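For reference, the chains in residue letters:
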Amino acid sequence: MGVSTIILLCLAGVLLLGVLPTLLLSGIIFKVLLVRDKHEKWDRQCSMPEDNELVSMYDTGLEWGKKWDAARKSVDVYSDSLHLFGEYFNFGNDKAAIIIGGRMEACYYGYYFADVYRRAGYNVLTIDARAHGRSEGRCNCLGYKEYRDILQWARLLHDELNNKSVFLHGICIGSSTALFSITSRDSPDYVCGMAAEGMYTTFCESTRRHMQLDHRPIFPFLMETMLWIRIMCGANVVTDGPVKRIKSMRKPILFLHSREDLFSTPEKAEELYELCPSPKKRLVWFDKGGHSRIRVNNTAAYDEAILQFLKDTYNI
């Protein structure tokens, strides 16, 4: 047996015994995080029934939905050949807000954030993102494909439901999706601005923080999971993300961020704010509330920040 053959066999052994097992484990991580492999996963029910704060948010939202049930109707669009569903609340206004939740959250979750927009004179659309709720789809693509869905929803609001302008409100991954939508070359002028709660710089950085805080081994699983996302979702979540897209943001944007956010850290929020070239931008800080939990800990101040931003920006 020649030296070159021995070297090749050794390299093959390293691959099979070293790289392949961790790559397979990272594939499982990817599946758990971003693949809807059964209908019950990411349905419209509360995604974390053991989490008291989230249950409170969910129950409050459902009560809001019941209160305004007469204004609600089911709506749907097609995007990338996927049938997507949502709930539209028509309060008789000529502008609308789309609530875009984070990973695992579907239509009813958006109810919790809706009332401030009703009070500001907006109709409200809450949505089942692809692979969530009643919508079709298998993978959560972290906004890299979903941004096209948001533009389809905006067209429905504008072209068929007679809204002159559309404002986006995103939470966590939803804020990334909103940013991808509004900075897209296909984004129409009537998509006029956005609010972003807990926006991260990249999904890779946010996932690294999760793994670090959960005391999970980062190497090699983080980058291998990012590789699975690149292969399966077509998304480069290592270098592409809000930290890149924010540089194209010219429309009004409100950053809502908690100093207690451990996943989208305050330093990253400040970095995004500084990189944003929009002439109408505002960063509002809250002292209490974990990631995606600002409003439940600061309800009045959260809503007032949105109302004041809309008033100052659009003279409502």
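Residues numbered from 1 in each chain as written. Predicted model: local features only at pLDDT ≥ 70, side-chain atom pairs only at ≥ 80, totals over all residues. Heavy atoms only, no water.

1. Overview of the sheet that holds strand β4 (residues 123-127)
Part 1 of the argument: Strand order across the open sheet formed by 8 strands is β1-β2-β4-β3-β5-β6-β7-β8, with mixed pairing between neighbours. Of all strands in the sheet, those with a lone pairing partner are β1 (72-79) and β8 (281-286), marking the two edges. For this sheet the average axis-to-axis angle between neighbouring strands, irrespective of direction, equals 20°.
Part 2 of the argument: Across 4 bridges, strand β3 (residues 95-100) lies against β4 in parallel orientation. Looking at β4, one finds that Ala 96 is bridged to Asn 123.
Part 3 of the argument: Its contacts with the sheet place helix α9 (residues 266-275) against β7 (253-258) and β8, and it is angled at close to 165° to β8. (Pairing = 2+ DSSP bridges. Helix = DSSP H or I, 4+ residues; strand = E, 2+ residues; numbered from the N terminus. Axes fitted to C-alpha atoms, helices over the stretch in contact; angles between N-to-C directions. Contact = heavy atoms within 4.5 Å.)

2. Focus: the packing of aromatic side chains
Part 1 of the argument: Under the definition given, this model contains 19 aromatic pairs.
Part 2 of the argument: Relative to Phe 91, the ring of Phe 89 lies with its centre 6.2 Å away and its plane at 15°, an arrangement referred to as stacked.
Part 3 of the argument: When the centroid spacing of 6.2 Å and the interplanar angle of 85° are considered together, the rings of Phe 167 and Tyr 314 count as edge-to-face. One end of the pair, Phe 167, is in strand β5 (residues 165-171); the other, Tyr 314, is in helix α11 (residues 299-314), with 147 residues separating them in the sequence.
Part 4 of the argument: Since its relative accessible area comes to 0%, Phe 167 is described here as buried.
Part 5 of the argument: A relative accessible area of 24% places Tyr 314 in the partly exposed class.
Part 6 of the argument: Ring pairing ties together the aromatic residues Trp 64, Trp 68, Phe 89, Phe 91, Tyr 108 and Tyr 111, which thus form one cluster.
Part 7 of the argument: The ring of Tyr 108 has Arg 44 sitting right over it, with the charged end atom 5.2 Å from the ring centre.
Part 8 of the argument: Above the plane of the ring of Tyr 112 lies Arg 295, whose end atom (NZ or CZ) is 4.6 Å from the centre. (Phe/Tyr/Trp six-rings, centres within 6.5 Å; stacked < 30°, edge-to-face > 60°. Buried < 20%, exposed > 50% of the residue type's maximum accessible area, 1.4 Å probe, protein only. Lys NZ or Arg CZ within 6 Å of the ring centre and 35° of its normal.)

3. Details of the environment of Tyr 144
Part 1 of the argument: Its location among the elements puts Tyr 144 in the loop between β4 and α4 (146-160).
Part 2 of the argument: It is 9.2 Å that separates the C-alpha atoms of Tyr 144 and Val 237, two residues lying 93 residues apart in sequence.
Part 3 of the argument: With near-sequence residues (within four places) excluded, Tyr 144 lies in contact with Phe 180, Ala 235, Asn 236, Val 237, Asp 240, Gly 241 and Arg 245.
Part 4 of the argument: At a separation of 3.4 Å, a polar atom in the side chain of Tyr 144 contacts the main-chain carbonyl oxygen of Asn 236. (Polar contact = N/O pair within 3.5 Å; in protein donor to acceptor, adjacent residues only side chain to side chain.)

4. Remarks on the pattern of salt bridges
Working definition: two side chains of opposite charge can pair if their charged atoms are close together.
Part 1 of the argument: Tallied over the full model, the rule gives 20 salt bridges.
Part 2 of the argument: Across the pair Glu 53 and Arg 293 runs a salt bridge whose closest N-O atoms are separated by 3.5 Å. You can see Glu 53 sitting in helix α2 (residues 52-67) and its partner Arg 293 sitting in the loop between β8 and α10 (294-297), a full 240 residues away along the chain.
Part 3 of the argument: A relative accessible area of 14% means that Arg 293 is categorised as buried.
Part 4 of the argument: Close ionic contact of Glu 205 with Arg 208 constitutes a salt bridge, the shortest N to O distance being 2.9 Å. (Salt bridge = Lys/Arg side-chain N within 4 Å of Asp/Glu carboxyl O.)

5. As for the pairing of β7
Part 1 of the argument: Counting buried positions along β7 gives 6 out of 6 residues, so the element sits mostly inside the fold.
Part 2 of the argument: Burial along β7 is two-sided: the residues Ile 253, Phe 255 and His 257 and Leu 254, Leu 256 and Ser 258 are all buried.
Part 3 of the argument: Direction of pairing for strand β6 (residues 191-197) relative to β7: parallel, over a ladder of 4 bridges. Bridge assignment links Glu 197 to a residue of β7, and that residue is Leu 256.
Part 4 of the argument: Looking at chain direction, β7 and β8 are connected through 6 bridges and run parallel. Residue pairing for β8: Leu 254 is matched across the bridge by Arg 282.
Part 5 of the argument: Following the backbone out of β7, through α9 and into the adjacent parallel β8, one traces a crossover that is right-handed. (Right-handed = clockwise from strand over helix to strand, strands pointing away.)

6. Thoughts on the side chain of Thr 22
Part 1 of the argument: Mapped onto the elements of the fold, Thr 22 is located in helix α1 (residues 3-34).
Part 2 of the argument: Among the residues examined, Thr 22 registers a relative accessible area of 15% and is labelled buried.
Part 3 of the argument: Within polar-contact distance, the side chain of Thr 22 engages the side chain of Glu 224 at 2.9 Å.
Part 4 of the argument: Sequence-distant contacts of Thr 22, that is, excluding residues within four places in its chain, are made with Pro 220, Phe 221 and Glu 224.

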